[in-house]
Amino acid sequence: MKKVAYYPGCALKTIDRAYDDTSKYVAGSLGFALEEIGDYNCCGIGELKSQGEAGLMLPARNLMLAKEQFGAKDLVMSCSVCYHELARANAVLNKRADEKEKVNDLLRTGGGSGYEGDVEPRHIIEFLFNEVGVAGVKAKVKKPLTGLKVAPYYGCLYSRPSVYTGTARNPRMDDAERPRFMHALLEACGATTVSYGNETSCCGGRSLIQDEDTSFRLIYDTLSKAKAAGADVVALICPKCAGGLDIMQENVLKAAEKRESGAGKKGHIPIVYATQLIGLAFGASAGEMKLGDMETGAAKALSSIIR
Amino acid sequence: MASAAESSPGTVAYDPGFARDVFSRVKTADRVYLCMQCGVCSGSCPLTPLFPDFSPRVFIYLTQTGNLGELRRRAHLIDKCLGCYTCSQRCPRDVNPAEVVEALSHVVPKYFPEAVHKHEAAITQEYVDQIIGTGRLNLARLHVMSLLKTGRFLELLAPAEAKQGFKQFITGRMFKLMQLGSPRAWRSGLKGALTQIKERRAKEVAAA
């Protein structure tokens with residue numbers, strides 16, 4: 001088992017434990033022990049960008065901890081928002097010496113050693129695809145997801161923007177406009193992926209409380225398109241997307257029903273994390289994959305596979 | 001900032017210092033002046049179909065020219081940006097429109113205080129207070145506080161809220177939320193330094 005530094009983030013340590021546990025389970029089954037960095041802090045979740053160097057120090061500190069505690073070159077994480085924040089911090093620090101100095105001053109105030117912008121944040125999907133590969137995943141499948149139609153939903157920050165993620169620029173990375181890594185991993189598990197057009201659309205997660213009308217419209221668009229394309233479930237790789245598509249789905253559908261009678265039904269579709277599906281294919285039980293934590297009937301939709 | 005020329009009909013006032021103020025806040029701003037107004041950003045934006053006055057291309061143009069009159073008319077929309085980065089992804093000149101709009105949202109309180117959406121600002125403040133105060137984000141607390149601060153407390157009594165709260169409780173996730181804690185570095189001076197930055201920013205907004 002190879003040890004890898006892992007940044008969980010606040011959502012995964014609390015309400016989205018399903019994604020945390022299943023990420024560790026899947027990586028563990030494939031020979032990588034995800035070891036949490038100690039004393040982590042919030043990545044800033046995009047809301048601290050107006051706070052000067054504070055908004056850069058938060059992600060940078062986690063990268064620094066990975067280096068201090070593990071001597072790591074890579075820091076793996078499952079949350080796309082954290083991934084974006086950490087990748088952005090790296091890009092800015094490597095470009096702007098003045099910002100780096102301010103951030104390092106802050107890091108040292110907190111007792112840290114400083115950070116040089118040399119630890120690479122890696123999204124779990126990209127990490128598994130590149131470090132294990134499709135053949136490696138296939139070899140571990142015990143209960144193939146045969147017959148299951150999955151709509152893979154990447155959302156925004158896994159593949160965008162290339163200036164931070166390196167998608168479509170770095171040959172190792174996924175495509176920026178038409179990512180395929182999650183497709184490949186799920187297909188390796190025997191699932192059928194459907195094409196529905198909203199794979200990289202925005203879920204409006206940032207405005208989920210601030211301006212729910214906008215957010216709900218965008219979420220409904222994705223849900224209804226996935227359903228119309230014949231998907232049984234939508235697979236996610238970001239807890240912020242889950243906040244909208246899963247936890248708020250009931251409210252999203254109610255709002256859609258108000259706009260147009262009958263619309264609510266056209267948008268109901270169970271939501272799961274991609275790692276939950278992969279774990280099930282590896283032979284894990286529904287309980288181990290925390291399917292009960294999902295709010296939109298994932299366990300029921302997957303009952304034929306669970307047995 | 002509101003000059004006489006701006007208020008008289010038929011004339012447009014331009015503020016030459018405005019662009020500098022905005023672009024100095026974009027961390028990767030060296031390509032902002034390469035914008036050629038092609039409009040790929042606005043054509044890709046998920047918000048433009050919902051709010052025709054929300055247009056990254058127009059925002060950049062108005063910022064470059066310092067056309068504060070027209071910006072004022074659209075200022076209430078600036079904060080709606082979802083940060084999805086589709087515009088930045090597709091920009092043929094790597095202008096990074098998403099972060100120009102983001103920088104623009106940071107100057108809204110200074111130039112267009114009347115356009116600040118009180119509820120949205122209160123929620124952003126809740127994020128800032130929690131993250132700077134404790135170093136971590138408690139999502140349940142964020143949800144409850146946001147609804148309380150924006151006068152939507154009745155929604156907390158909705159059956160769906162109770163159902164989800166109960167589920168969080170029996171699955172032990174409520175307990176994990178209470179255990180979230182704070183990083184050690186927050187007790188060794190970092191919190192104080194961050195609070196200073198927060199106060200500096202608050203002062204800047206208040207001075208406007």
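Here the structure is a predicted model, which means the values were calculated and not measured.

## Structural notes on the overall build of chain B
Consideration 1: For chain B, the helix and strand inventory stands at 12 helices and zero strands.
Consideration 2: In sequence order, chain B lays out its α and β elements as α-α-α-α-α-α-α-α-α-α-α-α.
Consideration 3: Over its C-alpha atoms, taken along the principal directions, chain B stretches across nearly 65 × 40 × 35 Å.
Consideration 4: Counting all 208 residues of chain B, 33% fall into the buried class.
Consideration 5: For chain B, restricting intrachain contacts to residue pairs at least 6 apart in sequence, the fraction spanning at least 24 positions comes to 67%.

## Considering the overall build of chain A
Consideration 1: Within chain A, the regular secondary structure consists of 16 helices and eight strands.
Consideration 2: Computed over the C-alpha atoms, the radius of gyration of chain A is 19 Å, within 12% of the 19 Å expected from 2.2 N^0.38 for a compact globule of 307 residues.
Consideration 3: Each of the three principal axes of chain A carries a C-alpha extent, and together these read 55 × 45 × 35 Å.
Consideration 4: Burial analysis of chain A (307 residues in total) assigns 64% to the buried set.
Consideration 5: Across chain A, every contact between residues at least 6 apart in sequence was considered, and the portion connecting residues at least 24 apart equals 77%.

## Observations concerning the domain arrangement of chain B
Consideration 1: Segmentation of chain B into domains returns domain 1 (4-115) and domain 2 (118-207).
Consideration 2: Between domain 1 of chain B and domain 2 of chain B, the C-alpha centre-to-centre distance is 29 Å.

## Quick word on the interface of chain A and chain B
Consideration 1: Of the residues lining the interface, 52 residues belong to chain A; the matching set on chain B comes to 48 residues.
Consideration 2: Counted by class, the side of chain A that touches chain B contains 19 nonpolar, 17 polar and 16 charged residues.

## Description of helix H12 (residues 190-207) of chain B
Consideration 1: When the terminal C-alpha atoms of H12 of chain B are compared, their 26 Å separation across 18 residues agrees well with the 26 Å that a helix rising 1.5 Å per residue should span.
Consideration 2: Inspection of H12 of chain B places Leu190, Leu194 and Lys198 of chain B among the buried residues, and these make up the whole buried set. Down the axis of H12 of chain B, the buried side of the element spans an arc of 60°, and every buried residue falls inside it. For H12 of chain B, exposure combined with an orientation more than 90 degrees from the buried face picks out Gly192, Gln196, Glu199, Arg200, Lys203, Ala206 and Ala207 of chain B.
Consideration 3: On its buried side, H12 of chain B packs onto helix H3 (54-70) and helix H5 (97-109) of chain A together with helix H8 (118-134) of chain B.

## Considering the sheet that holds strand E6 (residues 192-193) of chain A
Residues and elements named next belong to chain A.
Consideration 1: Within the open sheet, the four strands sit side by side as E6-E5-E7-E8. Their pairing is parallel. Each having just a single partner strand, E6 and strand E8 (271-273) make up the two edges of the open sheet.
Consideration 2: Pairing of strand E5 (residues 149-153) with strand E7 (residues 233-236) involves four bridges; the strand directions are parallel. Residue pairing in the sheet places proline 152 in a bridge with alanine 235 of E7.

## Brief notes about the domain arrangement of chain A
Accessible area lost on assembly of the parts is the figure often given for the size of an interface.
Residue and element names in this part refer to chain A.
Consideration 1: Taken as a whole, chain A is organised into domain 1 (2-123) and domain 2 (134-306).
Consideration 2: Here domain 1 and domain 2 have C-alpha centroids that lie 24 Å from each other.
Consideration 3: Contacts between the two partners involve 23 residues from domain 1 and, on the opposite side, 27 residues from domain 2.
Consideration 4: Contributions of two or more residues to the side of domain 1 that touches domain 2 are made by helix H1 (10-13), helix H2 (17-29) and helix H4 (80-95).
Consideration 5: Taken together, the residues that form the side of domain 1 that touches domain 2 break down as 12 nonpolar, seven polar and four charged.

## Looking at the confidence of the model for chain B
Residue and element names in this part refer to chain B.
Consideration 1: Summing up the model confidence of chain B, the mean pLDDT is 91 and the portion of residues at 70 or higher is 96%.
Consideration 2: Of all the helices and strands in chain B, helix H1 (residues 4-7) carries the lowest mean pLDDT, 48, while helix H3 (residues 40-44) carries the highest, 98.
Consideration 3: Scored by ipTM, the complex comes to 0.94, with pTM at 0.95.

## Regarding the nonpolar core
Consideration 1: By size, the foremost hydrophobic cluster in this structure holds 159 residues, and its most contacted members are Leu185, Val234, Ala235, Leu236, Ala274 and Leu277 of chain A.
Consideration 2: In this view, alanine 274 of chain A contacts Ile125, Pro152, Met182, Leu185, Leu186, Ala235, Leu236 and Ile237 of chain A; residues no more than four positions away in its chain are not counted.

## Considering helix H4 (residues 56-65) of chain B
Consideration 1: Looking only at H4 of chain B, the buried set comprises Pro56, Arg57, Phe59, Ile60, Leu62 and Thr63 of chain B.
Consideration 2: Summarising the contacts, the buried residues of H4 of chain B are in contact with helix H2 (18-23), H3, helix H5 (68-78), helix H6 (86-90) and helix H7 (97-111) of chain B.

## Concerning the packing of helix H7 (residues 133-140) of chain A against helix H9 (residues 181-188) of chain A
What describes two packed helices is the angle between their axes and the distance between those same axes.
Residues and elements named next belong to chain A.
Consideration 1: Running from N to C, H7 and H9 point in directions that differ by 30°, and their axes come no closer than 8 Å. Taken together, the axis directions place H7 and H9 in an arrangement best described as roughly parallel. Crossing handedness for the pair H7 and H9: right-handed. Contacts between H7 and H9 involve Val134, Val137 and Lys138 from the former and Ala184, Leu185 and Ala188 from the latter.

## Some details on the sheet that holds strand E4 (residues 120-123) of chain A
Residue and element names in this part refer to chain A.
Consideration 1: If you walk across this open sheet you meet the four strands as E2-E1-E3-E4, and the pairing is parallel. Sheet topology places strand E2 (32-36) and E4 at the edges, where each strand pairs with a single neighbour. Direction aside, neighbouring strands of the sheet carry axes that sit 45° apart on average.
Consideration 2: In this sheet, strand E3 (residues 74-77) lies alongside strand E1 (residues 2-7) in parallel orientation, the contact comprising two bridges. Of the residues in E3, the one forming a bridge with tyrosine 6 is valine 76.
Consideration 3: Where H3 meets the sheet, its contacts fall on E1, E2, E3 and E4, and the angle it forms with E1 comes to roughly 155°.
Consideration 4: H4 rests against E1, E3 and E4 of the sheet, and its axis sits at about 155° to E4.

Calculation criteria
Residues numbered from 1 in each chain as written. Chains lettered and ligands numbered in written order. Predicted model: local features only at pLDDT ≥ 70, side-chain atom pairs only at ≥ 80, totals over all residues. Helix = DSSP H or I, 4+ residues; strand = E, 2+ residues; numbered from the N terminus. Buried ≥ 20, exposed ≤ 12 C-beta atoms within 10 Å, placed from the backbone. Contact = placed C-beta atoms within 7 Å. Rg over C-alpha atoms; globule rule 2.2 N^0.38 Å. Domains from an automatic or database assignment. Nonpolar A, V, L, I, M, F, W, Y, C, P; charged D, E, K, R; others polar. Expected span 1.5 Å × (residues − 1). Arc of directions from axis to C-beta. Pairing = 2+ DSSP bridges. pLDDT = per-residue confidence, 0-100. Core = buried A, V, L, I, M, F, W, Y, C linked by C-beta atoms within 7 Å. Axes fitted to C-alpha atoms, helices over the stretch in contact; angles between N-to-C directions. Parallel < 35°, antiparallel > 145°, perpendicular 65-115°, else oblique. Left-handed = near helix turned anticlockwise from the far one by under 90°.

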